[in-house]
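Structural description and commentary
Chain by chain, the residues:
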Amino acid sequence: MEEKFNPDKVNLAELERRAGISRAKLRRIKKSGFIDLPHALTGRKAEHTLLTGFTGIIDELLRKGITNSSLCYDRLKENGFQGGLTIVKDYISKHKELVPPKRQLVVSQGSRGQRYHTAPGESYQMDWG
């Protein structure tokens with residue numbers, strides 16, 4: 001197909017049916033010489049968000065082990081937060097490393113089971129149920 005492919009004479013409707021890509025995207029790709037370029041704002045993050053001044057409060061709650069987003073949201077609202085619950089949920093999910101582990105390592109107590117040995121033919125089984 002490389003010899004027969006002419007970018008100037010490509011039929012976008014046929015290419016849309018075969019590739020499963022919308023005509024608008026095909027037009028954009030055709031304009032760039034059939035090279036799919038990323039969006040110009042890809043990877044860009046806002047410097048100031050609605051949570052900018054309130055992250056310390058959420059971090060402190062997470063360090064205490066409080067991960068309930070509604071409770072965190074209520075505490076933020078008490079301090080003048082204007083944003084929504086979804087922003088708080090997203091922040092909590094991205095900062096799970098602040099939450100202390102639920103279990104603590106303890107010293108092993110060894111085996112608690114006891115083995116009972118009998119001579120051949122003397123063992124039996126009892127059902128206590």
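Right above here is the structure, for reference.
Since the model is a prediction, treat every value here as computed from it, not as a measurement.

1. Section: the overall build of the protein
Across its full length, the protein holds five helices and zero strands. For the protein, the succession of helices and strands along the chain, N to C, is α-α-α-α-α. Taking 14 Å as the expected radius of gyration for a compact globule of 129 residues, we find that the protein reaches 32 Å, considerably beyond that expectation. With respect to the three principal axes, the spread of C-alpha positions in the protein is 90 × 60 × 30 Å.

2. Some remarks on the pattern of salt bridges
Applying the stated criterion across every chain, the model contains three salt bridges. Linking R18 and E14 is a salt bridge whose minimum nitrogen-to-oxygen distance equals 2.8 Å. You can see R18 and its partner E14 sitting in helix α1 (residues 12-19), four residues apart, about one turn around the helix. According to the relative accessible area criterion, R18 is exposed, its value standing at 66%.

3. Thoughts on the packing of aromatic side chains
On inspection of all chains with the given rule, the structure shows two aromatic pairs. With 5.4 Å between their ring centres and 80 degrees between their planes, F54 and F81 make a pair best called edge-to-face. Here F54, found in the loop between α2 (23-31) and α3 (55-63), pairs with F81, found in the loop between α4 (69-78) and α5 (85-94); they are 27 residues apart in sequence, far enough to count as distant. The same class applies to F54 and to F81, which are both buried. With a centroid separation of 6.3 Å and 90 degrees between ring planes, the pair formed by Y73 and F81 is classed as edge-to-face. Owing to a relative accessible area of 18%, Y73 belongs among the buried residues under this scheme.

4. Examining α1
The opening residue of α1 is N11, an N-cap whose side-chain oxygen sits 3.2 Å from the backbone nitrogen of A13. Directly after α1, the chain includes G20, whose backbone phi takes a positive value near 75 degrees.

5. Some points on the side chain of S69
The residue S69 is located in helix α4 in this model. Here S69 is in contact with L85, V88, K89 and I92, once residues within four sequence places are set aside.

6. Quick notes on the nonpolar core
Among the nonpolar cores identified, the biggest contains 12 residues, and these are L51, F54, I58, L61, L62, C72, Y73, L76, F81, V88, Y91 and I92. Elements with a contribution of two residues or more to this core: α3, α4 and α5. Apart from residues lying up to four places away in sequence, L76 is in contact with L51, F54, I57, I58, F81 and V88.

7. A few points about the side chain of D59
Tracing the sequence through the fold places D59 in helix α3. No salt bridge is formed by the buried D59, whose closest oppositely charged neighbour, R63, lies at an N-O distance of 4.8 Å. Side chain to side chain, D59 and Y91 meet in a polar contact 2.7 Å long. In this view, D59 contacts Y91 and L98; residues no more than four positions away in its chain are not counted.

Rules behind the numbers
Residues numbered from 1 in each chain as written. Predicted model: local features only at pLDDT ≥ 70, side-chain atom pairs only at ≥ 80, totals over all residues. Heavy atoms only, no water. Helix = DSSP H or I, 4+ residues; strand = E, 2+ residues; numbered from the N terminus. Rg over C-alpha atoms; globule rule 2.2 N^0.38 Å. Salt bridge = Lys/Arg side-chain N within 4 Å of Asp/Glu carboxyl O. Buried < 20%, exposed > 50% of the residue type's maximum accessible area, 1.4 Å probe, protein only. Phe/Tyr/Trp six-rings, centres within 6.5 Å; stacked < 30°, edge-to-face > 60°. Polar contact = N/O pair within 3.5 Å; in protein donor to acceptor, adjacent residues only side chain to side chain. Contact = heavy atoms within 4.5 Å. Core = buried A, V, L, I, M, F, W, Y, C linked by side-chain atoms within 4.5 Å. Lys, Arg positive; Asp, Glu negative; His and termini not counted.

Treat this as a map of the structure, not an account of what it does.
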